[in-house]
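Next come the chains, spelled out residue by residue.
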Amino acid sequence: MSKDMSREETSISAASDVAAAAQAGRPFRQRSLWVALVRVGVIGGFLVLWETASGRWIEPFLISSPSRILSSTISSFQSGDLLQHSWVTFQEIGIGFPLGAFAGIAIGYWFGRSRLLAEIFEPIIIALNGIPRTALAPLFIVWLGIGIWSKVGVVFLLTFFLNFFNTYAGMRQMDQEYIDLARLMGASRWKLTFRVILPAISPYVFTGLRTSIPFSVIGAIVGEFIAATEGVGFFIRLSAGIFKTADVFAGIIVLMLMVIVMDKIADMIEKRFLRWQVQTEHVRIQG
Amino acid sequence: MMGEYADEFMEQDFQVSEQKSSSREATGKAQDVNQPVIQVENVTKIFQTPDQGRMVALENITLSIPYGEFVTVVGPSGCGKSTLLKLIAGLTPISAGRILYQGSEIQGLNTKVGYVPQESKLFPWLTLDENVAFGLDPKRYSRQEREHQVRHFINLAGLTGFEKYYPAQLSGGMSKRASIVRALAYEPPVILMDEPFGPLDAQTRMVLQDELLKIWEQKRQTIVFVTHDLVEAVALADRVVVITHRPGRIKDTIKVPMDRPRNIFEIHRQDGFDEAYGRLWNIFRHELHIGSN
């Protein structure tokens, strides 16, 4: 009898939760429309200001202007020039980023599982992390030449450390009780890894992935700045050298788009994997 | 509702027959027919404190728990009650003594026991039904059996309709129930509960105690239930084990003479409650150095 009572009570509370969420939904949507409008306004205002300032108050070769950047972006792409450079940079990131991310996650996970490994290598890795990693880029050129592989190396390095540290931090935060419970319930090694540990640390893993995206682009560009014959970084440096400021900005726009697209993809994957967290995130946003 | 789950009696049979066969084994070896499922023999647990000191959490604990008994363990907080459960589960190594499970010494993890922790600790990344199904080994249960088992236990917890919810979407009481049936669903013969109702409000607590007893009366697993609440200890148990403050020793064991099934909501009026509670309080009064008024 009391069980029926409590069941009723739970279904009522669930129903009122749903109602509350629906009520909260409407003003929230209106608000997000406003946010979008204001955002577009800010960007538009900035572009107008830029366009006006250029040539009137500031030399165009210093800051170019939105219209000049647009036309040079289009012409650079039409000539196939910028497309080729973008493709090279894309390849460097496309190889270096997944390798670095995978290695970082795998080794972070591995260190998290083995106390011995962590004890031996943790200080070494922290010391290595103390080196400003972009300072190693010239070395990679020496080792791997001026082709794409030296840049792949720099991208790998930057991506690796961020993913490693985040995954390792996740493993250190891992609640022992979840592991104990899973093992008591007879979970196999495989099940423990893929159904318990990896999901538990996945918020950290995604933080690592998300933060390493812009850094992977930085890695590629720094490498190209130092020594290259191709790539967006090379294109930017070359254009700046001959004061083609509009081309510099065209290159920057390409890099920005790369980061945005990568981040968007990561965001979609993250939303799928961290569905179970969505609720708590909403509370934080609305609060 | 009962007819729909007629199978559950077969499950019960399974458990009983398992019990019989193990006691048959025992009779083959010795004359002890009512072999206890858990025997704790002179167990001591010493923790290393961070400043290289030694802290005796449990000292010389001897306890024998027969099949199907509902034992509660009470004591002041920090007396090592939870440690005792961890030792039975094999989660922490024993410093001295030994623990037997069905007559053989526990080495490493004891996967024959179910464990209900203080906080619900449902896996937050799994939905309710995935959580309840977690312990159901595909080698032991067919797909159909698993589905049946999950449905049955979710229903038992009064959570039908919430199968696809994530733990973050459930209330405290609901997660607690889910956490308990997660441990019950794969039918371990022994269930260890570590103050499972601790953080709940009084009403929810009573409702859950009532539900726990109802479930237990159907299945009659062996339950070792740790609590610091004297009323809860008496209301649920066949036997109450009292542990003293550090170092944790067994101060006394009290049989609770109340009939079953019990009415949790009016437990004070039941015959035998006052007697058992009185004895228990007497022990604690000395523990707490409170004179009789």
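Conventions we followed
- Residues numbered from 1 in each chain as written.
- Chains lettered and ligands numbered in written order.
- Predicted model: local features only at pLDDT ≥ 70, side-chain atom pairs only at ≥ 80, totals over all residues.
- Helix = DSSP H or I, 4+ residues; strand = E, 2+ residues; numbered from the N terminus.
- Buried ≥ 20, exposed ≤ 12 C-beta atoms within 10 Å, placed from the backbone.
- Contact = placed C-beta atoms within 7 Å.
- Pairing = 2+ DSSP bridges.
- Axes fitted to C-alpha atoms, helices over the stretch in contact; angles between N-to-C directions.
- Nonpolar A, V, L, I, M, F, W, Y, C, P; charged D, E, K, R; others polar.
- Core = buried A, V, L, I, M, F, W, Y, C linked by C-beta atoms within 7 Å.
- Expected span 1.5 Å × (residues − 1).
- pLDDT = per-residue confidence, 0-100.
- Parallel < 35°, antiparallel > 145°, perpendicular 65-115°, else oblique.
- Left-handed = near helix turned anticlockwise from the far one by under 90°.

### A few points about the overall build of chain B
Scanning chain B for helices and strands turns up eight helices and ten strands. Considering chain B as a whole, with its 293 residues, one finds that 41% of them fall into the buried category. In chain B, 68% of the contacts between residues at least 6 apart in sequence involve partners at least 24 apart.

### Quick look at the overall build of chain A
From N to C terminus, chain A includes twelve helices and zero strands. Its helices and strands in sequence order give chain A the pattern α-α-α-α-α-α-α-α-α-α-α-α, from N to C terminus. Counting every position in chain A, which comprises 287 residues, the buried fraction comes to 33%. Contacts in chain A between residues far apart in sequence, at least 24 positions, make up 75% of those at least 6 positions apart.

### Concerning the sheet that holds strand β5 (residues 104-105) of chain B
All names here are of chain B. Sheet architecture is open: four strands sit in the order β2-β1-β4-β5, paired in antiparallel fashion. In this open sheet, the two strands that pair with only one neighbour each are β2 (54-65) and β5. Pairing between strand β4 (residues 96-101) and β5: two bridges, direction antiparallel. Bridged to tyrosine 101 within β5 is serine 104.

### A short note on the sheet that holds strand β6 (residues 113-116) of chain B
Residues and elements named next belong to chain B. Spatial ordering of the open sheet is given by β6-β7-β8-β3-β9-β10, a layout of six strands whose pairing is mixed. Strands at the two margins of the open sheet, each flanked by one partner only, are β6 and β10 (250-255). Neighbour to neighbour, the strand axes of the sheet diverge by 15° on average, direction disregarded.

### Focus: the environment of glutamate 195 of chain B
All names here are of chain B. Within the secondary structure, glutamate 195 is located in the loop between β7 (190-194) and α6 (202-219). Through-space distance from the C-alpha of glutamate 195 to that of valine 73 is 9.6 Å; in sequence the pair is 122 residues apart. Ignoring any residue separated from it by four or fewer positions in sequence, one finds glutamate 195 in contact with Gln118, Val226, Thr227 and His228.

### Quick word on the interface of chain B and chain A
Chain B puts 25 residues into the contact, and the matching count from chain A is 20 residues. Residues of the side of chain B that touches chain A, tallied by class, amount to 15 nonpolar, six polar and four charged.

### Here we look at the nonpolar core
One recurring pattern in soluble globular proteins: nonpolar side chains tend to sit buried together. In terms of nonpolar packing, the biggest core is built from 138 residues, with Ile88, Val181, Leu192 and Val240 of chain B touching the most fellow members. Once residues within four sequence positions are removed from consideration, leucine 192 of chain B is found in contact with Leu85, Ile88, Ala89, Val113, Gly114, Tyr115 and Val224 of chain B.

### Observations concerning helix α7 (residues 148-173) of chain A
With 26 residues, α7 of chain A ought to run about 38 Å at 1.5 Å a step, and its terminal C-alpha atoms sit 37 Å apart, in line with that. Of all 26 residues that make up α7 of chain A, 22 are buried, and the element is covered over most of its length.

### Examining the pairing of β7 of chain B
Residues and elements named next belong to chain B. Within β7, five of the five residues are buried, which leaves it mostly tucked inside the rest of the structure. Residues Val190, Leu192 and Asp194 of β7 are buried on one face, and the alternating residues Ile191 and Met193, pointing to the opposite face, are buried as well. Note: β6 against β7, four bridges, orientation parallel. Within β7, the residue paired with valine 113 across the bridge is valine 190. With five bridges joining them, β7 and strand β8 (residues 222-227) adopt parallel strand pairing.

### Points about helix α11 (residues 245-273) of chain A
One full turn of an α-helix is made of 3.6 residues, so residues set three or four places apart face in the same direction. Residue and element names in this part refer to chain A. The end-to-end C-alpha distance of α11, which contains 29 residues, comes to 42 Å, matching closely the 42 Å that a straight helix rising 1.5 Å per residue would cover. When α11 is considered as a whole, its buried residues turn out to be Thr245, Ala246, Asp247, Val248, Phe249, Ala250, Gly251, Val254, Met258 and Met262. Check the buried side of α11 and you find it contacts α2 (60-63), α3 (66-78), α4 (81-113), α9 (189-226) and α10 (232-241).

### With respect to unusual backbone geometry
Positive phi values are uncommon outside glycine, yet asparagine 42 of chain B reaches one of about 50°. The class of asparagine 42 of chain B is exposed, set by 12 C-beta atoms lying within 10 Å.

### Examining the confidence of the model for chain A
All names here are of chain A. Residues with a pLDDT of 70 or more make up 87% of chain A, whose mean pLDDT is 85. Within chain A, the element-level pLDDT minimum falls on helix α12 (residues 278-286), averaging 50, and the maximum on α4, averaging 94. Note on residues 1-16: pLDDT under 50 across the span, and twelve contacts to partners over four residues away in sequence or across chains.

### Let's talk about the packing of α3 of chain A against α11 of chain A
Packed helices, taken two at a time, are described by the angle their axes make and the gap between the axes. All names here are of chain A. Relative to each other, α3 and α11 sit at 70°, their axes nearing to 8 Å. On the basis of their axis angle, the class for α3 and α11 is roughly perpendicular. Taking contact as the criterion, the partners of Arg68, Ile69, Ser72, Thr73 and Ser76 in α3 are, on α11, Ala246, Asp247, Phe249, Ala250 and Ile253. Per-class residue counts for the contact of α3 with α11 are five nonpolar, three polar and two charged.

### Details of the environment of isoleucine 253 of chain A
Relative to the helices and strands, isoleucine 253 of chain A is located in helix α11. Linking isoleucine 253 of chain A and arginine 56 of chain A, residues 197 residues apart in sequence, is a C-alpha distance of 24 Å.

### Regarding the packing of helix α6 (residues 137-144) of chain A against α9 of chain A
Residues and elements named next belong to chain A. Where α6 meets α9, the axes come as close as 9 Å, and the angle between the chain directions of the two elements is 70°. Viewed along their axes, α6 and α9 adopt a mutual orientation that is roughly perpendicular. Once α6 is placed against α9, the crossing between them reads as right-handed. Residues Ala137, Pro138, Phe140 and Ile141 of α6 lie in contact with α9, whose contacting residues are Val222, Gly223 and Ile226.

### Let's talk about the confidence of the model for chain B
Residue and element names in this part refer to chain B. Model confidence for chain B is summarised by a mean pLDDT of 79, while 86% of its residues fall at 70 or above. Confidence drops under a pLDDT of 50 for residues 1-33, and excluding neighbours within four residues, the segment shows 16 contacts in the predicted structure. Interface predicted TM-score (ipTM) for the complex: 0.78; the corresponding pTM is 0.78.

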